[in-house]
Amino acid sequence: MKFKISSHKEPKHTGVVVCVCWNNTEDVFSCGDDHKLLKWNLVNNECLPVTTFPDDFYPTSMHLFPKTSLGGSKHQHDVILISTADGKFHIVNHNGRIEKSVPAHEGACLTAKWSPDGAGLLTAGEDGFVKIWSRNGLLRSTLVQSDVPCFDAVWSPDSNAILHTKENFLVIKHLSSSSKIVKWKAHDGLILCTAWNANNNLVVSGAEDGFTKIWDTFGQQISVSVKHDQPITSVSWSPAGDMFVAGSFNLTRLCNANGWSYCLDRPSTGSIYDIAWSMDGTQLAAACANGHVIFAHIIDREYTWKNYSCTQIGRKVISIKDIVSEENDQLDYPDRVIQIALGFNHLVVATVKQCFIHKLSSWNTPVTFDLKEGTVSMILLSERCLCVVERAGISVYSYMGRLLASPRCGGRPETLGKSSVSLGPDTLAVVDQTDRKLIHVFDLPTGLIVRSSTDSTVTKLNHKMTVSTIALSQTGPINDRQMALLDYNKDLYVVSVKDVKPKFVKLGSQVLSVVWSSETELLVGLRANAIVAWCCPRAVQLDWLVLTTVSKEVTDLGRNPCILSEEDGIVRICKGNGSVVHISIAAFQEKLLKYVSTNMWQAALQLCRTVEDETLWACLAVLAWQHHQLPVAEEAFALIRQYHQVCYIQHLRSNVPEKLSAS
């Protein structure tokens, strides 16, 4: 993954460009010390002047009103908030006319941000004050009073707290006075920039000491970068929260959420004062000290599934290859590619206007359908359907392009992370964004009859702890769909979502990442120093659960490793430094599960007799018992020395013929 950077040959600004922001996926506003507000169109490669502000108008930051809903007016969506060096903030419409100017601070007003819900705004200034204002510019409260300048302040994702800088400290202050202030020393130098992501709830900071650091909301350090030669002047999370970009003098660095670097570019731009991502997370704009505005597009994104590999090699071009047959092709699209998903024998590509569904057996004849809006943040695949998450809402389609459901779960769909939504063959699960202990589970139509979104059956599951990750099983009977969830204590639970009274069964603790096999009901989890495979997570007895669990120690995984996928008992793990390793853990167990799913009990028996592994026999025993295969279960339980269960099965088998003859 890397940046493809472009800019105009000659700078359109005659002074330093201080701030940039996106209007939509193709339009960018920029403002600088030359008092000009410019609008850039990336499709036509045009730059048009919007307005020229007065000579005493020196901007320090710019933020476009958040697109909280589609019901609002266009005028509302195009309201720009600009802070200036004279201590004021200005509310400017899309034509560049200043609707309102409000004196906010003594000295410069260094930053101004709309709240994520659009209900208000904050300002921070050289006087050390952080103030909260109404949307119309009326002062609500002075949240922070300090004797040192506040160089940056940002809202929390839920608009209930503020993160601000205080020299080399970071401070989180909640709007409610009852909540405790969180304060920690973050850098050795003055902190210049911060960003707080809605999806992963992590904070990234950049300072004069040349480091970028990632923090959780308790002030615990997640990672620290290498030391840069110059101060870090800008940082920005991608909307999905899976990566961020840092800007410095003649430098941009794209990093993963764990802190390791994807790519480093050195454009001759001087200091980069501001960086803004597009809403689809595929491109960014940067404000440069030499008067240029540079644009970067992410290319070389690579996706793999079984023997297929897919790479985006251009804005509108994707390369796909079958590694086994060495067949390869380039797929050209009429518009810019936003999102790609590969799996379940399909390649799904979302562009600005359309979604293309390719079968891997014939990828040159795709099924297409129009998107509601050109801001797709995520595509999820399952065996029978696909889910498209965009700002307009969540939509579930069949692989023939037919709309199956449009479930509504409240909140802002574009802020959903991959850990907060999961798609099964007949079920969609979404973590509530306002109450993360609540999970919405939607039944999806599985036949030809398409129900409207109002007919969708919704089950609400309440967990005792805040949920961080959910994952639906991809196989098994419809009425026994399993969902694995990780809470903030890193405890792993499994629940049958279709049960009348769902029961959360705890499988383990200190689990960092979890994934289901796409072909069986094998559940794989990752701990700090081990991989664990639960071969029968539906086992009703605790001792059965222990007998059917496989664990394998691994070392040198680094900080915050995660499981990428599992296939045929081989687990792909992304280590803390970004390298990918393949580890075999449950190859025979997964083979056994495949035999059982197709009722090949004799083949399953033969496999166990050949391998002679106690865990494998335990899996067969539990699965045979669940499927009422008593002769197979009797042999398997005997070989794992569960003699009480053998006697019970013999009792059942001896009584069944008597009951049949009596009847």
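Residues numbered from 1 in each chain as written. Predicted model: local features only at pLDDT ≥ 70, side-chain atom pairs only at ≥ 80, totals over all residues. Heavy atoms only, no water.

S.K.: I'd like a description of the overall build of the chain, backed by residues and values.
M.R.: When its secondary structure is counted, the chain shows seven helices and 55 strands. Relative to the 2.2 N^0.38 estimate, which gives 26 Å for 663 residues, the radius of gyration of the chain is 28 Å and therefore close to what a compact globule would have. Its C-alpha atoms put the chain at 100 × 55 × 50 Å along the principal axes. Counting all 663 residues of the chain, 57% fall into the buried class. Of the accessible surface of the chain, which amounts to about 28100 Å², a share of 50% is contributed by carbon and sulfur atoms. Taking the average location of the 62 positive side-chain charges in the chain and that of its 65 negative ones, the two points are 3 Å from each other. (Helix = DSSP H or I, 4+ residues; strand = E, 2+ residues; numbered from the N terminus. Rg over C-alpha atoms; globule rule 2.2 N^0.38 Å. Buried < 20%, exposed > 50% of the residue type's maximum accessible area, 1.4 Å probe, protein only. Areas by Shrake-Rupley, 256 points an atom, 1.4 Å probe, with all protein chains shown as cover. Lys, Arg positive; Asp, Glu negative; His and termini not counted. Charge placed at Lys NZ, Arg CZ, Asp CG, Glu CD.)

S.K.: Summarise the nonpolar core; cite the residues concerned and give the values.
M.R.: By size, the foremost hydrophobic cluster in this structure holds 58 residues, and its most contacted members are Leu492, Leu523, Val524, Ile531, Leu592, Leu620 and Phe637. Residues contacting Leu523, with those up to four places away along its chain left out, are Ala484, Leu492, Val494, Leu507, Val514, Val515, Trp516, Val532, Ala533 and Trp534. (Core = buried A, V, L, I, M, F, W, Y, C linked by side-chain atoms within 4.5 Å. Contact = heavy atoms within 4.5 Å.)

S.K.: Help me get a handle on the pairing of strand S36 (residues 362-370), residues and values and all.
M.R.: Pairing geometry for strand S35 (residues 354-359) and S36, over five bridges, is antiparallel. Its bridge partner being in S36, Lys359 is matched across the sheet by Ser362. The turn linking S35 back onto S36 is made up of two residues. (Pairing = 2+ DSSP bridges.)

S.K.: Give a description of the sheet that holds strand S50 (residues 523-526) that names residues and reports values.
M.R.: Pairing is antiparallel in the open sheet, where four strands are placed in the order S49-S50-S51-S52. Taken across any chain shown, the strands that pair with only one partner, and hence form the sheet edges, are strand S49 (513-516) and strand S52 (549-553). Geometrically, the sheet is characterised by an average inter-axis angle of 15 degrees between neighbouring strands, direction not taken into account. Bridging between strand S51 (residues 530-534) and S52 involves five bridges; their strand directions are antiparallel. Each bridged residue has a counterpart across the sheet, and for Trp534 the counterpart in S52 is Thr549. (Axes fitted to C-alpha atoms, helices over the stretch in contact; angles between N-to-C directions.)

S.K.: So, helix H6 (residues 630-639): which residues are in play, and what are the values?
M.R.: Among all positions in H6, only Leu630, Val632, Ala633, Glu634, Ala636 and Phe637 are buried. Phi for Arg641, located one or two positions after H6, is positive at around 65 degrees.

S.K.: Summarise the UniProt feature "repeat: WD" (unreviewed entry) in the chain; cite the residues concerned and give the values.
M.R.: Per the UniProt record, the feature "repeat: WD" (unreviewed entry) sits at residues 102-134 and 184-216. The span residues 102-134 is 0% helical and 58% strand by assignment, and the distance between its end C-alpha atoms comes to 12 Å. For residues 184-216, the end-to-end C-alpha separation is 11 Å, with 0% helix and 52% strand making up the annotated structure. (UniProt positions renumbered as here; feature names shortened; annotations may be inferred.)

S.K.: Help me get a handle on helix H5 (residues 614-626), residues and values and all.
M.R.: Helix length check: H5 (13 residues) gives 18 Å between terminal C-alpha atoms against 18 Å at 1.5 Å per residue, within 8%. Summarising burial for H5: 10 of the 13 residues are buried, a large majority. Of all the positions in H5, only Thr615, Leu616, Trp617, Ala618, Cys619, Leu620, Ala621, Val622, Leu623 and Ala624 are classed as buried. One side-chain oxygen of the residue at the start of H5 lies 3.2 Å from the amide nitrogen of Thr615, identifying that residue as Asp613. (Expected span 1.5 Å × (residues − 1). Polar contact = N/O pair within 3.5 Å; in protein donor to acceptor, adjacent residues only side chain to side chain.)

S.K.: Go over the pattern of salt bridges, please, and point to the residues and values.
M.R.: Following the criterion strictly, the structure yields 17 salt bridges and no others. Measuring nitrogen to oxygen at the nearest pair gives 3.7 Å for the salt bridge that ties Asp443 to Lys498. In this pair, Asp443 sits in strand S43 (residues 438-443) while Lys498 sits in the loop between strand S47 (492-496) and strand S48 (505-508), placing the two residues 55 residues apart along the sequence. Residue classification places Lys498 among the partly exposed residues on the basis of a relative accessible area of 25%. Where Arg538 meets Asp480, a salt bridge forms, and the shortest distance between an N and an O atom there is 2.4 Å. Highlighted residues: Arg538 in the loop between S51 and helix H2 (542-547) and Asp480 in the loop between strand S45 (467-472) and strand S46 (482-487), separated in sequence by 58 residues. Because the salt bridges share partners, they merge into one network encompassing Lys306, Glu519, Asp568 and Lys594. (Salt bridge = Lys/Arg side-chain N within 4 Å of Asp/Glu carboxyl O.)

S.K.: Give me the packing of helix H3 (residues 587-597) against H5: which residues, what numbers.
M.R.: Taken N-terminus to C-terminus, the directions of H3 and H5 make an angle of 25 degrees; their axes are 10 Å apart at the nearest point. As summarised for this structure, H3 and H5 are arranged roughly parallel, according to the angle between their axes. In this structure, the crossing between H3 and H5 has a hand that is right-handed. Of the residues in H5, those in contact with Phe588, Gln589, Leu592, Leu593 and Val596 of H3 are Thr615, Leu616, Cys619, Leu620 and Leu623. For the contact of H3 with H5, the class distribution of residues is eight nonpolar, two polar and no charged. (Parallel < 35°, antiparallel > 145°, perpendicular 65-115°, else oblique. Left-handed = near helix turned anticlockwise from the far one by under 90°. Nonpolar A, V, L, I, M, F, W, Y, C, P; charged D, E, K, R; others polar.)

S.K.: Explain the packing of aromatic side chains to me, and be specific about the residues and the numbers.
M.R.: The final tally for this structure, using the stated rule, is 13 aromatic pairs. For the ring pair Trp260 and Tyr262, a centre distance of 4.7 Å and an interplane angle of 65 degrees mean the geometry is edge-to-face. Trp260 sits in the buried class, given a relative accessible area of 17%. We classify Tyr262 as partly exposed; its relative accessible area is 27%. In textbook terms, an aromatic cluster arises when at least three aromatic residues are bridged by ring pairs, as seen for Trp544, Trp625, Phe637 and Tyr648. Positioned above the aromatic ring of Phe169 is the side chain of Lys183, whose terminal nitrogen or guanidinium carbon lies 5.0 Å from the ring centre. Taking NZ or CZ as reference, Lys213 lies 5.9 Å from the ring centre of Phe211, over its face. (Phe/Tyr/Trp six-rings, centres within 6.5 Å; stacked < 30°, edge-to-face > 60°. Lys NZ or Arg CZ within 6 Å of the ring centre and 35° of its normal.)

S.K.: Can you explain the sheet that holds strand S10 (residues 109-114)? Please cite residues and give values.
M.R.: Strand pairing in a sheet relies on backbone hydrogen bonds, with the paired strands running either antiparallel or parallel. Within the open sheet, the four strands sit side by side as S10-S11-S12-S13. Their pairing is antiparallel. The two strands at the open ends of the sheet, each matched to only one other strand, are S10 and strand S13 (139-144). Taking each pair of neighbouring strands and ignoring which way they run, the sheet shows an average axis angle of 20 degrees. Bridging between S10 and strand S11 (residues 120-125) involves five bridges; their strand directions are antiparallel. Directly across from Trp114, in S11, lies its bridge partner Leu121.

S.K.: Tell me about unusual backbone geometry, and name the residues and values.
M.R.: Non-glycine residue Asn345 carries a positive phi angle of around 65 degrees. Structurally, Asn345 is set in the loop between strand S33 (337-343) and strand S34 (346-351). Of note, Lys490 is a non-glycine position whose phi angle comes to about 65 degrees, a positive value. Checked against the element boundaries, Lys490 lands in the loop between S46 and S47. A relative accessible area of 37% places Lys490 in the partly exposed class.

S.K.: Tell me about the state of the cysteines, and please be specific about residues and values.
M.R.: If you walk through the whole model with that rule in mind, you get zero disulfides. Here Cys19 stays free of any disulfide, with the sulfur of Cys31 as its closest cysteine sulfur at 5.0 Å. Note on Cys150: no disulfide assigned, nearest cysteine sulfur contributed by Cys109 at a separation of 10 Å. (Disulfide = S-S within 2.5 Å.)

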